[in-house]
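# Coordinate analysis (summary)
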Amino acid sequence: MLLSRLRSVIASFFQPRVLGSCLLGTLYAAGAQAEEGAQNSRWVSDSLSTYVRSGPTDGYRIVGSLVSGQKVELLRSQGDYSQVRSDNGDSVWIPTRDLQSVPGQAERLPQLEQKVADLSAELKGIDDTWKTRVQGMQETLDSRKALIDELQATRSDLDSQLNQAQAELREAQAQLGGENKQVLMRYMVYGGSIAGAGLLAGLLLPTVLRVRRKRNDGWV
């Protein structure tokens, strides 16, 4: 009887609907496990600790630890150890090789970040200043270009007026030359007429005088 039940369970397990449900359940469980694993992911901290002792040799007992990058005051050195005073005022011994004369990364990082922020702000200010200057220079250049275009247009207009005035002057000079010739001809004709009249008078006057004398002599 137990064997028959086991067979029926196995048969029902391998039915398509039951098999699909099992597969979906397995995939859901795997996904949930992966999501849970992602939420539980952690990274090892870089804040390492160094054990300190009560004396200047490895034989003294460990009385605590100092965090990497922690600032301490150097009191004295003896052998491979140095006595330092921590922030809480305790004097302990630490291997000299674990000390350094420059601040640790944990202390320098905020300073570097502040310097980067200051430099970024300074660069932004310089960039804004140069943008303002470039914009002002561009506006000045545009205004000067507009002035040059206006001067060129005025020059073209003046050149056109000058050419027209020169043409009118040439025409006036031509007319004046013609009128001068006409006046000269008139003067020449008038002068010739006067000269002819004078010549004629000079020729006729002696004859008239002789005729009058003869008449006067005959009457006498």
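Residues numbered from 1 in each chain as written. Predicted model: local features only at pLDDT ≥ 70, side-chain atom pairs only at ≥ 80, totals over all residues. Heavy atoms only, no water.

## Looking at the packing of aromatic side chains
For any pair of aromatic rings, the description consists of the separation of the ring centres together with the inter-plane angle of the planes. Worth spelling out the cut-off: Stacked, edge-to-face and tilted are the three classes for Phe, Tyr and Trp ring pairs, Trp counted by its six-membered ring, which pair at centre distances within 6.5 Å; planes under 30 degrees apart are stacked, over 60 edge-to-face, the rest tilted. We count a charge as sitting over a ring when the NZ of a lysine or the CZ of an arginine lies within 6 Å of the ring centre and within 35 degrees of the ring normal.
Counting across every chain of the model gives zero aromatic pairs. One cation-aromatic arrangement involves Arg133 over Trp130; the distance from NZ or CZ to the ring centre is 5.3 Å.

## Side note on a nonpolar patch on the surface
Here is the rule: Like charges are joined within 9 Å and nonpolar side chains (Val, Leu, Ile, Met, Phe, Trp, Tyr) within 5 Å, but only among residues with over 30% relative accessible area and no salt bridge; these make up the patches. Computed by Shrake-Rupley with a 1.4 Å probe, the accessible areas treat only the displayed protein chains as cover when residues are assessed. Salt bridge criterion: a side-chain nitrogen from Lys or Arg within 4 Å of a carboxyl oxygen from Asp or Glu. Numbering of helices and strands runs from the N terminus, with a helix taken as a DSSP run of H or I at least four residues long and a strand as a DSSP run of E at least two residues long. When accessible area is computed with a 1.4 Å probe and restricted to protein chains, residues below 20% of their type maximum are described as buried, those above 50% as exposed, and intermediate ones as partly exposed.
A surface patch of nonpolar side chains, about 410 Å² in accessible area, is lined by Leu123, Ile126, Trp130 and Val134. Structurally, Trp130 is set in helix α3 (residues 105–219). When its relative accessible area of 47% is taken as the criterion, Trp130 is described as partly exposed.

## Looking at the pattern of salt bridges
Applying the stated criterion across every chain yields a total of five salt bridges. Ionic pairing is found between Asp149 and Lys145, a salt bridge with its closest N-O pair at 3.4 Å. Remark: Lys145 and Asp149 occur in helix α3; sequence separation between them is four residues, near one turn of the helix. The exposure class assigned to Asp149 is partly exposed, which follows from its relative accessible area of 38%. The residue Asp159 makes a salt bridge to Arg155 at a minimum N-O spacing of 4.0 Å. Here Asp159 and its partner Arg155 are both found in helix α3, four residues apart, which amounts to about one turn of the helix.

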